[in-house]
Amino acid sequence: MPLKVSIADITTLRVDAIVNAANPSLLGGGGVDGAIHRAAGPALLEACRALPESAPGVRCPTGEARMTPGFALAARYVIHTVGPIWHGGTRDEAQFLALCYRHTLRLLREHRLRTIAYPAISCGVYGYPAANAAEVAVRTLRDELAGDDAIDVTLCCFSESMRAIFQRALSAA
Ligand code: AR6
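Residues numbered from 1 in each chain as written. Predicted model: local features only at pLDDT ≥ 70, side-chain atom pairs only at ≥ 80, totals over all residues. Heavy atoms only, no water.

(A) Inspection of the nonpolar core at higher detail. Ile79, Tyr118, Leu141, Leu155 and Phe166 are the most contacted members of the largest nonpolar core, which totals 37 residues. When contributions to this core are tallied by element, the ones reaching two or more residues are strand S1 (3-7), strand S2 (17-21), strand S3 (65-69), helix H3 (93-110), strand S5 (115-118), helix H4 (130-145), strand S6 (152-157) and helix H5 (160-172). The element best represented in this core is H4, accounting for 8 residues. With 20 residues, the next largest nonpolar core counts Ala8, Ile10, Leu44 and Val82 among its residues. (Core = buried A, V, L, I, M, F, W, Y, C linked by side-chain atoms within 4.5 Å. Buried < 20%, exposed > 50% of the residue type's maximum accessible area, 1.4 Å probe, protein only. Helix = DSSP H or I, 4+ residues; strand = E, 2+ residues; numbered from the N terminus.)

What follows is the structure, given as structure tokens:
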């Protein structure tokens, strides 16, 4: 099961799908979400706006995932997911974070795609402690992909310190 850590701007990766760490509106934001929307162009916002709302202003509840084309990105698709906001571990954050990885992989498989890159979901504005998040990411991906060599996963970190944290989780598991 190919699972690796790299350091890159996720918007430059030529993979079948990149994952966006979005918010429930799917209408853009800062961090990696802002970078993906800038690189994909305005058609991405239109595609997100066209997705149905499950509640006013909510197109993707926490832990779920939605897919759009990648438009001007090198990646063919964007799989948007919404990570949990860190509340000290008191609100099932680890379970919600694991669901992000599971639901994004499910969409990848449903569309018969093989290569996917993840940012460090929830590790920025949403405040999830990076070492804990990395452990959840690695454990969930290993669990989901056990025995499946067809899917190639990149954990795409944006800084050397984050790369080291994710690499440590990968080596420890
Ligand atoms: N490529 C790869 N990783 C990146 C990039 C990039 N171009 N830019 C930032 N990161 P965050 P969250 C890293 O805050 O914590 C948005 O406003 C960043 O260094 O983007 O899930 C949404 O709309 C960090 O390690 O996502 C939501 O409101 C990681 O990506 C909220 O932020 C995630 O940081 C989601 O917060």
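(B) Spatial organisation of the site of the ligand. Among the 21 residues in the neighbourhood of the ligand, the closest are listed as Asn23, Gly30, Asp33, Gly124 and Val125. Within the contact set of the ligand, a nitrogen atom lies 3.0 Å away from a backbone nitrogen or oxygen of Ile10. The contact in question runs from an oxygen atom of the ligand to an N or O atom on the backbone of Tyr126, over 3.1 Å. The fraction of the free accessible surface of the ligand (710 Å²) that becomes covered by protein chains is 88%. Grouping the amino acids of the shell around the ligand by side-chain chemistry returns 12 nonpolar, 7 polar and 2 charged. (Near = heavy atom within 4 Å. Polar contact = N/O pair within 3.5 Å; in protein donor to acceptor, adjacent residues only side chain to side chain. Areas by Shrake-Rupley, 256 points an atom, 1.4 Å probe, with all protein chains shown as cover. Nonpolar A, V, L, I, M, F, W, Y, C, P; charged D, E, K, R; others polar.)

(C) Region of interest: the pattern of salt bridges. For the structure on display, the rule yields 9 salt bridges. For the salt bridge of Arg102 with Glu144, the shortest nitrogen-to-oxygen distance reads 3.0 Å. Of the two residues, Arg102 sits in helix H3 while Glu144 sits in helix H4, which places them 42 residues apart along the sequence. Among the residues examined, Arg102 registers a relative accessible area of 29% and is labelled partly exposed. In this structure, the salt-bridge partner of Arg109 is Asp148, at a minimum N-O distance of 2.8 Å. Separated by 39 residues along the polypeptide, Arg109 in helix H3 and Asp148 in the loop between H4 and S6 bring together distant segments of the chain. Residue Arg109 is classed as partly exposed on the basis of its relative accessible area of 30%. (Salt bridge = Lys/Arg side-chain N within 4 Å of Asp/Glu carboxyl O.)

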